Amino acid sequence: MKSRYVILTRFNLQYKESTQNLSIEWLEERIQLFQTYTLPSIKAQKNQNFEWLILIDARTPDSIYQRLQQIATSYRAIQLVQVNACGDEALMEYYRQMAHQLGAGYDLLISTRLDSDDCLAEDFTDAITKNITLQTAPYAISFPIGLQYFSQRKWNFRITYPSNHFLTIFEPGDAAQSALSYDHTRMSNYMPLIMTQETQPMWTEIVHGGNIANNYSPTYKPKMEPCSLKNVGGLITLHLRYRIGQVIKVLSHPKKVIDRIFSPRT
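Conventions used here
Residues numbered from 1 in each chain as written. Predicted model: local features only at pLDDT ≥ 70, side-chain atom pairs only at ≥ 80, totals over all residues. Heavy atoms only, no water. Buried < 20%, exposed > 50% of the residue type's maximum accessible area, 1.4 Å probe, protein only. Helix = DSSP H or I, 4+ residues; strand = E, 2+ residues; numbered from the N terminus. Pairing = 2+ DSSP bridges. Bend = angle between axes of the 7 residues up to and from the residue. Phe/Tyr/Trp six-rings, centres within 6.5 Å; stacked < 30°, edge-to-face > 60°. Salt bridge = Lys/Arg side-chain N within 4 Å of Asp/Glu carboxyl O.

Peer 1: Tell me what's going on with the pairing of strand β2 (residues 51-57), and back it up with residues and numbers.
Peer 2: Each regular strand shows side chains that alternate between the opposite faces of the sheet. Across the 7 residues that make up β2, a large majority, 7, are buried. Neither face of β2 is exposed, since E51, L53, L55 and D57 on one face and W52, I54 and I56 on the opposite face are all buried. Note: strand β1 (residues 3-10) against β2, 5 bridges, orientation parallel. Its bridge partner being in β2, V6 is matched across the sheet by E51. As judged from the 6 bridges shared by β2 and strand β3 (residues 78-83), these two strands associate in the parallel manner. Its bridge partner lying in β3, I56 is registered against Q82.

This is the structure we're talking about:
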């Protein structure tokens, strides 16, 4: 079987809710996070048989793009891809067209979604390639156990999150859409979602100043490593902030929330 494995990272693409993806200040911080966490974790992969596509808004300031080019020259797997599309619908169409091109001539396209401020365990890609013949594609694989690292306070939680955003999709090459084309929280509605039996954390979500409000959810079943009363108190505070935020979101955008709850699942 002829297969192709790609890791897909959206660096600063613009969705409807995005307002700062071209901001120099935001991009400088994003590069720092990328170099501190994401890049070293991919360079450390035991199995290097993959390509790493980093998707960049085509309007990105030249100074930032040049810095990314310098980073790309330091690691052979990186391919910088300039994307002209912006907005939810246009980007989804772009992902499908990109996947069609990536899968052309291959029996199987494997794609892992990785955010530009997160990490993979060093044996992540090795574990993925060992699951190529698990069953007939399409199917998705989840490593449910990971870590959530709060960089500012240096908290490290072991969490169980089956529908996490580190999912890997196995698709026939001629019908591929890629891991970016699916809502990871509803993956089991699109294709079989297989939970691996790995007991060690296989990924790390970095929670920093720019995403702390968005990346906490009490459904993650967090467990502090190591535990302390001070850190548990902090977790309780995050939980309360999350719940209050959810109430505010419903009150601010009731139609959007209702549409999401009752939208048809395909």
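Peer 1: I'd like a description of helix α1 (residues 24-43), backed by residues and values.
Peer 2: The largest bend along α1 measures about 45° and falls at F34. Looking only at α1, the buried set comprises W26, L27, R30, I31, L33, F34, T38, L39, S41 and I42.

Peer 1: Explain the packing of aromatic side chains to me, using residue names and the numbers behind them.
Peer 2: Tallied over the entire structure, the rule returns 11 aromatic pairs. Ring centres of F11 and F34 lie 6.0 Å apart, and the angle between their planes is 85°; this geometry places the pair in the edge-to-face category. Note that F11 is positioned in the loop between β1 and α1 and F34 in helix α1, a separation of 23 residues in sequence. Among the residues examined, F11 registers a relative accessible area of 3% and is labelled buried. Between the aromatic rings of Y139 and F170, the centroid separation amounts to 4.5 Å while the plane-to-plane angle is 10°, which identifies the pairing as stacked. Here Y139, found in strand β6 (residues 139-142), pairs with F170, found in strand β9 (residues 168-172); they are 31 residues apart in sequence, far enough to count as distant.

Peer 1: Kindly report on the pattern of salt bridges, identifying the contributing residues and their values.
Peer 2: Two side chains with opposite charge may pair up if their charged atoms get near one another. For the structure on display, the rule yields 9 salt bridges. Of the charged contacts, one joins R30 and D117 as a salt bridge, the two residues approaching to 3.3 Å between their closest N and O atoms. Highlighted residues: R30 in helix α1 and D117 in the loop between β4 (108-113) and β5 (119-120), separated in sequence by 87 residues. The same class applies to R30 as to D117, namely buried. The shortest N-O distance in the salt bridge between R59 and D57 comes to 2.8 Å.

Peer 1: Tell me what's going on with the environment of M191, and back it up with residues and numbers.
Peer 2: Along the polypeptide, M191 turns up in the loop between β9 and β10 (193-195). Taking relative accessible area as the criterion, M191 reaches 5% and is therefore assigned buried. A C-alpha to C-alpha distance of 6.4 Å links M191 and P138, two positions 53 residues apart in sequence.

Peer 1: Report on the pairing of strand β11 (residues 203-207), specifying residues and quantitative values.
Peer 2: Burial within β11 is extensive, with 5 of its 5 residues counted as buried. Here β11 shows no split at all, with W203, E205 and V207 on one side and T204 and I206 on the other all buried. Across 2 bridges, the pairing between β5 and β11 is antiparallel. Note on β11: the bridge partner recorded for C119 is T204. As paired strands, strand β7 (residues 145-150) and β11 are joined by 4 bridges and run parallel to one another. Paired with Q148 across the bridge in β11 is E205.

Peer 1: Break down unusual backbone geometry for me, citing the residues and quoting the values.
Peer 2: Here the residue pair A137 and P138 is connected by a cis peptide bond, since its omega of 10° sits within 30 degrees of zero. Within the fold, P138 resides in the loop between α4 (124-129) and β6. Within the chain, S178 stands out as a residue other than glycine whose phi angle is a positive 85°. Along the chain, S178 turns up in the loop between β9 and β10.

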